[in-house]
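Listed below, chain by chain, are the residues.
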Amino acid sequence: MIDLKPLPLILCLAVSLALSLLNFLTIAAVLPDLIQQWDLSKTQAGWLVSVYFAGYMSSILFVASLTDRIDPRRIYLIAAFLGGISSLSLALFANGFWLTMVLRFLGGVAFSGIYMPGLRALSDALPPAQRNRGIVYYTSCFALGSGFSIFAAGRIAAVLDWRWAFVFAALGSFLAMGLVASVLRPRVATPGRAMAAPAAPAQWMAYRQVWKNRKAVAYILAMFGVGWEVFAFRSWVVTYLTERQSIDPVALGFWLSPADIAFSSALIGIPASVWIGEWAARVDRETLLIGTAMISLVLDILLAFSVSWPFEFMLCLCYAFSLTSFGRSAATTAGMMQAAEDKVRGATMAAHSFVAFLAGILSPLMLGLVLDMSALALGRVSWTIGFLSIAAGSLISISGYVMARRVSANAGGSTT
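A short tour of the structure in this document, coming up. Computed from a predicted model, the values in this text were never measured in an experiment. (Residues numbered from 1 in each chain as written. Predicted model: local features only at pLDDT ≥ 70, side-chain atom pairs only at ≥ 80, totals over all residues. Heavy atoms only, no water.)

**Observations regarding the overall build of the chain**
The helix and strand inventory of the chain stands at 18 helices and zero strands. The C-alpha atoms of the chain give 20 Å as radius of gyration, which agrees with the globular expectation for 416 residues (22 Å, within 12%). Reported as C-alpha extents along the three principal axes, the dimensions of the chain are approximately 65 × 50 × 40 Å. Among the 416 residues that make up the chain, the fraction classed as buried is 61%. Nonlocal contacts in the chain, meaning residues at least 24 apart in sequence, comprise 86% of its contacts between residues at least 6 apart. Here the chain has roughly 16,000 Å² of accessible surface; of this, 70% comes from carbon and sulfur atoms. Side-chain charges of the chain comprise 28 positive and 19 negative groups, with the mean position of each set lying 11 Å from the other. (Helix = DSSP H or I, 4+ residues; strand = E, 2+ residues; numbered from the N terminus. Rg over C-alpha atoms; globule rule 2.2 N^0.38 Å. Buried < 20%, exposed > 50% of the residue type's maximum accessible area, 1.4 Å probe, protein only. Contact = heavy atoms within 4.5 Å. Areas by Shrake-Rupley, 256 points an atom, 1.4 Å probe, with all protein chains shown as cover. Lys, Arg positive; Asp, Glu negative; His and termini not counted. Charge placed at Lys NZ, Arg CZ, Asp CG, Glu CD.)

**Focus: the packing of helix H3 (residues 42–66) against helix H5 (residues 97–112)**
At their nearest, the axes of H3 and H5 sit 7 Å apart, and the two run at 35° to each other. For the pair H3 and H5, the crossing hand works out as right-handed. Of the residues in H5, those in contact with Gln44, Trp47, Leu48, Val51, Tyr52, Ala54, Gly55, Tyr56, Ser58, Ser59, Ile60 and Val63 of H3 are Phe97, Thr100, Met101, Arg104, Phe105, Gly107, Gly108, Val109, Phe111 and Ser112. Residues that form the contact of H3 with H5 fall into these classes: 13 nonpolar, eight polar and one charged. (Axes fitted to C-alpha atoms, helices over the stretch in contact; angles between N-to-C directions. Left-handed = near helix turned anticlockwise from the far one by under 90°. Nonpolar A, V, L, I, M, F, W, Y, C, P; charged D, E, K, R; others polar.)

**Topic: the packing of helix H2 (residues 26–38) against helix H10 (residues 214–245)**
Two elements in contact, H2 and H10, have axes separated by 8 Å at closest approach and are oriented at 35°. As for how H2 packs across H10, the hand of that crossing is right-handed. Mapping the contact onto sequence places Ala28, Ala29, Leu31 and Pro32 in H2 and Arg234, Ser235, Val238, Thr239 and Thr242 in H10. Each residue belonging to the contact of H2 with H10 can be placed in one class, and the counts come to five nonpolar, three polar and one charged.

**Some points on helix H8 (residues 162–183)**
The end-to-end C-alpha separation of H8 is 33 Å, in line with the 32 Å expected for 22 residues at 1.5 Å each. Those residues of H8 that fall on the buried side of the exposure criterion are Trp162, Ala165, Phe166, Ala169, Ala170, Gly172, Ser173, Ala176, Val180 and Val183. Its side-chain oxygen 3.0 Å from the backbone nitrogen of arginine 163, aspartate 161 forms the N-cap of H8. (Expected span 1.5 Å × (residues − 1). Polar contact = N/O pair within 3.5 Å; in protein donor to acceptor, adjacent residues only side chain to side chain.)

**Structural notes on the environment of alanine 91**
Looking at the element boundaries, alanine 91 is found in helix H4 (residues 72–93). Through-space distance from the C-alpha of alanine 91 to that of phenylalanine 168 is 9.5 Å; in sequence the pair is 77 residues apart. If near-sequence neighbours (up to four positions away) are discounted, alanine 91 is found in contact with Arg163, Phe166 and Val167.

**Some thoughts on the packing of aromatic side chains**
For any pair of aromatic rings, the description consists of the separation of the ring centres together with the inter-plane angle of the planes. Tallying each qualifying case throughout the model produces 33 aromatic pairs. Considering the side-chain rings of phenylalanine 148 and phenylalanine 263, the 5.5 Å spacing of their centres and the 70° angle between planes classify their relative orientation as edge-to-face. Highlighted residues: phenylalanine 148 in helix H7 (residues 128–159) and phenylalanine 263 in helix H12 (residues 258–267), separated in sequence by 115 residues. The partly exposed category is assigned to phenylalanine 148, whose relative accessible area is 28%. Centre to centre, the rings of tryptophan 236 and tryptophan 383 are 6.3 Å apart; their planes meet at 70°, and the pair counts as edge-to-face. Taken together, the residues tryptophan 236 in helix H10 and tryptophan 383 in helix H18 (residues 381–411) connect sequence positions 147 residues apart. The pair formed by tryptophan 236 and tryptophan 383 is uniform in burial state, with each residue classed as buried. Through successive ring pairs, a cluster of aromatic residues spans Phe24, Tyr52, Phe53, Tyr56, Phe111, Tyr115, Tyr138, Phe231 and Phe357. The aromatic ring of phenylalanine 326 is capped on one face by arginine 234, whose charged end is 4.9 Å from the ring centroid. (Phe/Tyr/Trp six-rings, centres within 6.5 Å; stacked < 30°, edge-to-face > 60°. Lys NZ or Arg CZ within 6 Å of the ring centre and 35° of its normal.)

**Observations regarding the nonpolar core**
Residues Phe24, Phe111, Tyr115, Phe142, Trp162 and Phe357 are the most contacted members of the largest nonpolar core, which totals 126 residues. If one sorts the elements of this core by residue count, H10 sits on top with 17 residues. Once you skip the residues sitting within four places of it in the chain, phenylalanine 111 turns out to touch Leu17, Leu21, Phe24, Tyr52, Tyr56, Phe142 and Phe357. (Core = buried A, V, L, I, M, F, W, Y, C linked by side-chain atoms within 4.5 Å.)

**A closer look at a nonpolar patch on the surface**
A cluster of nonpolar residues, Leu92, Phe93, Leu99, Val102, Phe105 and Leu106, forms a patch on the protein surface that exposes about 520 Å² of accessible area. For the nonpolar patch, the element with the highest residue contribution is H5, accounting for four residues. Within the element layout of this structure, phenylalanine 105 appears in helix H5. (Patch = residues over 30% accessible without salt bridge, like charges linked within 9 Å, V, L, I, M, F, W, Y side chains within 5 Å. Salt bridge = Lys/Arg side-chain N within 4 Å of Asp/Glu carboxyl O.)

What follows is the structure, given as structure tokens:
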């Protein structure tokens, strides 16, 4: 067991999260191949993305709330192993829509034991003065892992085969398991913290207490909007760029592949998330986030109408939208953590994550449905309608931040 100081511990947990995320959007990078090989509709393709989030949601309320009673390190190690097995099984055995759905669902279940339990373990291990920074850096690495999952899968599928992309993702899960086992100390049981699982009624009473915390609920609502934007865009950007290449000679000859563009646009979200997260601790958090969400709304509307504009200009909008959409993630999560009550912190984190990944189910599926329903009548313009559906996330986030600011103003307390 390695005894690390706060900053190295934050970095190790952030790296382990990035490794665990290699299976996160691998499917998005290989969707064009699967649509062709398995003759999938756009709606079916959307389900292959969304079912991962359905698996996450099916278990996150139970798993994350367990961190109030059970060592999150133990939960993390079991979940990382399950994530690796699900990804490896998909590489070896998937032969069509339904088996892939099942294995992606299991991958989502596994991730429910990684993301928020990892955040809880990190928060518990850090001194109070370091917690905001730890939350910001940890959640910002979500962009690195999810973006790199698209990049790596696209590169590997182009050279070898899409199945090898999932083998690589499985390796990431197993490496994360080893890293966490090495650097994170087991939590020691104390008289005030039972190490047994809570009874179901106690869990639901905790969620009732979370619901009464209006500021935490406001940030949870805002996170739904963030998730709606981020997951819809990242799930479909590779497919959109691939289709654009088929009709646009400039896009076909561009030096970055669709998977490269998806990864690099996700990657620039990391410094944006860190900067906004750090700055939000120094200024009025809600005002900063409201302004950022409004910019995101304008950029999404421009992106929707850029389907017939020059390719380079459309790419600039993609990168800018990634900055303002994912850039709000860390500051929103930190706002939730600060608003959460200590006794139900795990339950608050579970609700926060549940709502974000509910958006991860709904927004990619909604975009797929819109594309299927409008493609025959509108052709290329169907992407305009699809991208406009993403703008709902910005509006929802703005509503959440405004609600949080009103709660703070009524309480007469700090907004940070």
